Amino acid sequence: MTANKDIKAIAAIRSLSLAQIEKANSGHPGICMGAAPMIYSLWNKYLNVNPKNPSYFNRDRFVLSAGHGSALLYSMIHLAGYKLPMEDLKNFRQIGSKAPGHPERLDTEGVEVTTGPLGQGIANAVGMALAEKHMAAVFNKEDYPVIDHKTYCLCGDGDLMEGVSYEAMSLAGHLKLSKLVVLYDSNDICLDGKLNTSFSENVEARVKAQGWNYIKVEDGEDLEAIGKAIEKANSQDEKPSLIEIKTIIGYGSSKQGTNKVHGAPLGGDDFAKAKEFYKWENKDFEIPEEIYETFKEGLGQRGLEANKAWDDLMEAYKKAYPEAYQSLINGIERKLDDNFFDKIRKYRSEDKALASRASGGEILQDLAKNNQNIWGGSADLFSSNKTDIVGSPSFKDDPAGRNVWYGVREFAMAAIGNGIMAHGGSFHHVSTFFVFVDYVKAALRLSALSKLPLTYVFTHDSVAVGEDGPTHEPIEQLAMLRSIPNVIDLRPADANEVRLAWKIALESKESPTVIALSRQNLENLKATERLESIDKGAYIIKEASKENPDGIFIGTGSEVALAIKAAEALEKEGQAIRVISMPSMTLFRKQDAAYKEALLPKEVKNRVSIEMASSFGWAEWTGDKGLNIAIDDFGISGPGNLVAEKLGFSVENIVEKYKEKYL
């Protein structure tokens, strides 16, 4: 039977959420009204979090995949006792408020992931559950379940329509992520109108086919039924669970049950009628102390007790298993051992030429051998990407395994990776062919926006892919990546630059890193043997034969060796050419003017960029008199070396173009 205090708390949640939206004259009231009972039941009766210590590691995770319901989440966060003052709720959706338009993990205590682009929150939740299961398998000992928590997600119809939700839920069922529970706010309305205009599939059949447990609650106002459904989901040990809860969007409004209440304020009269319907008599943003007490007695007390029990368990674990304890803490703090990279192989110029995907694979084995918190996955391309950790099983075969077979699910892979990084506790990488970054981009953008240091390994990074043809040959992808704020782009020239690219990726705290690697073999360059850093994004790899160069060549990746050869050919004709390796345009852009001037003196106007990709963006470095050896059309099919030559990437062509332009 529903207690009176629960009815009052739900009325408070609804009214406070609506007050935010009305004051801002912007927001989405429908979900706040319809889903309030389910989120209240989950948070105050079952969710284990500690608002007094939001980063307590063994807390349950909650993801609002339907991020447009942010006002609902902010109401919960405020009432639960997190540091989200009422003043911020009064400034909902305003500049500087900790209650922005959609949930942002860096702005608001209690927000685990940035959501709003529909479907990705579900995938984030899958990532969190994946991380929990992996870390539990690695670190838990008998009588020491130091990693043991749930991941909950609230989604709507729109989330389930997005393809990324299909991908992610398919993998979650396949991997038996039984500590994942999704609450589905099923209200039969989408933004434009009735749901059946665009969505009529049998969700029960769908999720069961994907290996999920399905539970249905017919009345979204029935707290007892919601509670029983959550308890049933929490008792599962083989499958993730989806609880479909039938609700009325905009419950209590004169427009309830219609799309008119989805994404626009109710307006004064209807707002007043809704509060009257809820029997809420307090002023806007006025919450009686008894409501706060309800949350303190429920969520607050339960969280404090769970946090204290975990702290005690960790103290005992530290004494019983000191090495495992330290490894766990290092993962949580994203910490590498001192001199960690001294243990990672280096390459000599006389060593066998390797594709950078192959040297990357060798380097990854060294990294993984020296840090058990490194794990990763590929979109059905381990054999091509070389990103598997050799000797470790797949996660499917053993959750302690360090290789996640993501399958052909590029978008979900990246969004799941974001969830793993937001969960914390490990270093994770994801991988596919570079051209498929287009599938990944929406999640990569959220990695950057959320400051999640997920490592992306993209192989087959140029038209040297060859026979697979234009569909598999990246052209515009580098320019696209470089345009996204807070993404570190790295296209290493040889094995030693690959090693240092991984160093940047693992040391990154707030930026996702993209490492673009070649399919074709690359010689090991003499100049990189003693190279200790590529942190500045660019450096002189070959100096000109005289103090003041006649020209400067700038190359990235596989084209650096080509640039050196072309420079040497011009040196024989009396031209003094400096060659710069620029593994990261983004990092170089961040350097001070003095460093940029040292590499690219203003008086040297003869500048040539050499990159098997779009010329877009290169004028920043080559200037208005520059020459960009690039590809501004789609590629062609044929043997990789012949394709590159046909498209102008040969010593002869570069020399000829330089002479035509400058001599």
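Everything quoted here is computed from the prediction, not taken from an experiment.

About the criteria used
- Residues numbered from 1 in each chain as written.
- Predicted model: local features only at pLDDT ≥ 70, side-chain atom pairs only at ≥ 80, totals over all residues.
- Heavy atoms only, no water.
- Helix = DSSP H or I, 4+ residues; strand = E, 2+ residues; numbered from the N terminus.
- Rg over C-alpha atoms; globule rule 2.2 N^0.38 Å.
- Buried < 20%, exposed > 50% of the residue type's maximum accessible area, 1.4 Å probe, protein only.
- Contact = heavy atoms within 4.5 Å.
- Areas by Shrake-Rupley, 256 points an atom, 1.4 Å probe, with all protein chains shown as cover.
- Lys, Arg positive; Asp, Glu negative; His and termini not counted.
- Charge placed at Lys NZ, Arg CZ, Asp CG, Glu CD.
- Core = buried A, V, L, I, M, F, W, Y, C linked by side-chain atoms within 4.5 Å.
- Pairing = 2+ DSSP bridges.
- Axes fitted to C-alpha atoms, helices over the stretch in contact; angles between N-to-C directions.
- Phe/Tyr/Trp six-rings, centres within 6.5 Å; stacked < 30°, edge-to-face > 60°.
- Lys NZ or Arg CZ within 6 Å of the ring centre and 35° of its normal.
- 1 Å grid on protein atoms, 1.4 Å probe; cavity = no way out; pocket = protein on both sides within 12 Å on 5 of 7 lines; lining within 4 Å.
- Points joined across faces, edges and corners; volume = space filled by probe spheres on them.
- Nonpolar A, V, L, I, M, F, W, Y, C, P; charged D, E, K, R; others polar.
- Right-handed = clockwise from strand over helix to strand, strands pointing away.

### What to know about the overall build of the protein chain
Next up, step 1: For the protein chain, the count of helices and strands is 25 helices and 20 strands.
Next up, step 2: For the protein chain, the C-alpha radius of gyration of 28 Å lies close to 26 Å, the compact-globule estimate for 663 residues.
Next up, step 3: In terms of overall dimensions, the protein chain has C-alpha extents of about 90 × 60 × 45 Å along its principal axes.
Next up, step 4: Classification of the 663 residues of the protein chain by burial places 62% in the buried group.
Next up, step 5: Residue pairs in contact within the protein chain that sit at least 24 positions apart in sequence constitute 77% of those at least 6 positions apart.
Next up, step 6: When the accessible surface of the protein chain is totalled, it reaches about 25,700 Å², and 48% of it is carbon and sulfur.
Next up, step 7: A gap of 2 Å separates the mean positions of the 78 positive and 93 negative side-chain charges of the protein chain.

### A few points about the nonpolar core
Soluble globular proteins tend to bury their nonpolar side chains together.
Next up, step 1: One finds L367, W502, L506, F553 and I610 to be the most contacted residues of the largest nonpolar core, which totals 73 residues.
Next up, step 2: Those residues within four positions of L506 in sequence are excluded, and the remaining contacts are R334, L336, F340, F341, L367, I374 and F427.

### So, the sheet that holds strand β17 (residues 551-555)
Next up, step 1: An order of β16-β18-β17-β19-β20 is seen for the five strands of this open sheet, with the pairing classed as mixed. Two strands lie at the open edges of the sheet, namely β16 (539-542) and β20 (627-629), each paired on one side alone. On average, adjacent strands in this sheet sit at an angle of 30° to one another, irrespective of strand direction.
Next up, step 2: Judged from the five bridges that link them, β17 and strand β18 (residues 577-581) form a sheet pairing that is parallel. Note on β18: the bridge partner recorded for G555 is S581.
Next up, step 3: Strands in contact with helix α20 (residues 559-571) are β16, β17, β18 and β19 (607-610); relative to β18, the strand with the most contacts, it is inclined by about 175°.

### Focus: the sheet that holds strand β14 (residues 513-516)
Next up, step 1: Pairing within the open sheet is parallel, and its six strands lie in the order β10-β9-β11-β12-β14-β13. Every other strand in the sheet has two partners, leaving β10 (403-405) and β13 (488-490) as the edge strands with one partner each. In this sheet, adjacent strand axes meet at a mean angle of 20° when their direction is disregarded.
Next up, step 2: As paired strands, strand β11 (residues 427-433) and strand β12 (residues 455-459) are joined by five bridges and run parallel to one another. Residue pairing for β12: V430 is matched across the bridge by Y456.
Next up, step 3: On top of the sheet, helix α17 (residues 437-450) reaches β11, β12 and β14; it is set at about 160° to β12, its chief contact.
Next up, step 4: Packing of helix α19 (residues 495-507) onto the sheet brings it into contact with β9 (374-378), β11, β12, β13 and β14, and relative to β14 it is tilted by some 165°.

### Remarks on the packing of aromatic side chains
Next up, step 1: By the definition in use, this model includes 19 aromatic pairs.
Next up, step 2: Seen in terms of ring centroids, Y40 and F295 are 5.8 Å apart; in terms of plane orientation they differ by 85°. Their pairing is edge-to-face. Highlighted residues: Y40 in helix α3 (residues 36-45) and F295 in helix α12 (residues 289-320), separated in sequence by 255 residues. The same class applies to Y40 and to F295, which are both buried.
Next up, step 3: Counting every residue linked through ring pairs, the aromatic cluster contains Y144, Y317 and Y321.
Next up, step 4: The residue whose ring lies beneath R206 is Y166, and the NZ or CZ to ring-centre distance is 3.6 Å.
Next up, step 5: Above the face of the F271 ring, K275 is positioned so that its terminal group lies 4.1 Å from the ring centre.

### Overview of the layout of surface pockets
Over the atoms rolls a probe the size of a water molecule, and in doing so it shows where empty space is left.
Next up, step 1: One number sums up the size of the largest pocket: a volume of about 710 Å³.
Next up, step 2: Lining of the largest pocket is provided by 31 residues; of these, S55, R59, R105, A422 and H423 occupy positions nearest its centre.
Next up, step 3: Among the elements that make up the lining of the largest pocket, the one with the highest residue count is helix α16 (residues 410-423) (three residues).
Next up, step 4: A class-by-class count of the residues in the lining of the largest pocket yields 12 nonpolar, nine polar and 10 charged.
Next up, step 5: Estimated volume of the second largest pocket: approximately 430 Å³.
Next up, step 6: Around the second largest pocket, the lining is made up of 19 residues, and of these I7, K8, I10, A11 and Y278 lie nearest the centre.
Next up, step 7: Sorting the residues of the lining of the second largest pocket by element identifies α1 (4-24), α11 (268-278) and α12 as the ones contributing at least two each.
Next up, step 8: With six residues, the top contributor of residues to the lining of the second largest pocket is α1.

### Observations regarding the pairing of β14
Next up, step 1: Residues of β14 alternate between two faces, with T513 and I515 on one and V514 and A516 on the opposite face, all of them buried.
Next up, step 2: With four bridges joining them, β12 and β14 adopt parallel strand pairing. For Y456, the partnering residue across the bridge sits in β14 and is V514.
Next up, step 3: Both β13 and β14 contribute to a ladder of three bridges, which runs parallel. Bridge pairing in β14 places L490 opposite I515.
Next up, step 4: What joins β13 to β14 is α19, and the crossover it makes is right-handed.

### Section: the environment of M421
Next up, step 1: Looking at the secondary structure, you find M421 in helix α16.
Next up, step 2: Along the primary structure M421 and S327 are separated by 94 residues, whereas in three dimensions their C-alpha atoms are 17 Å apart.
Next up, step 3: M421 has contacts with R334, S426, H428, L452, P453 and L454, leaving out every residue within four places of it along the chain.

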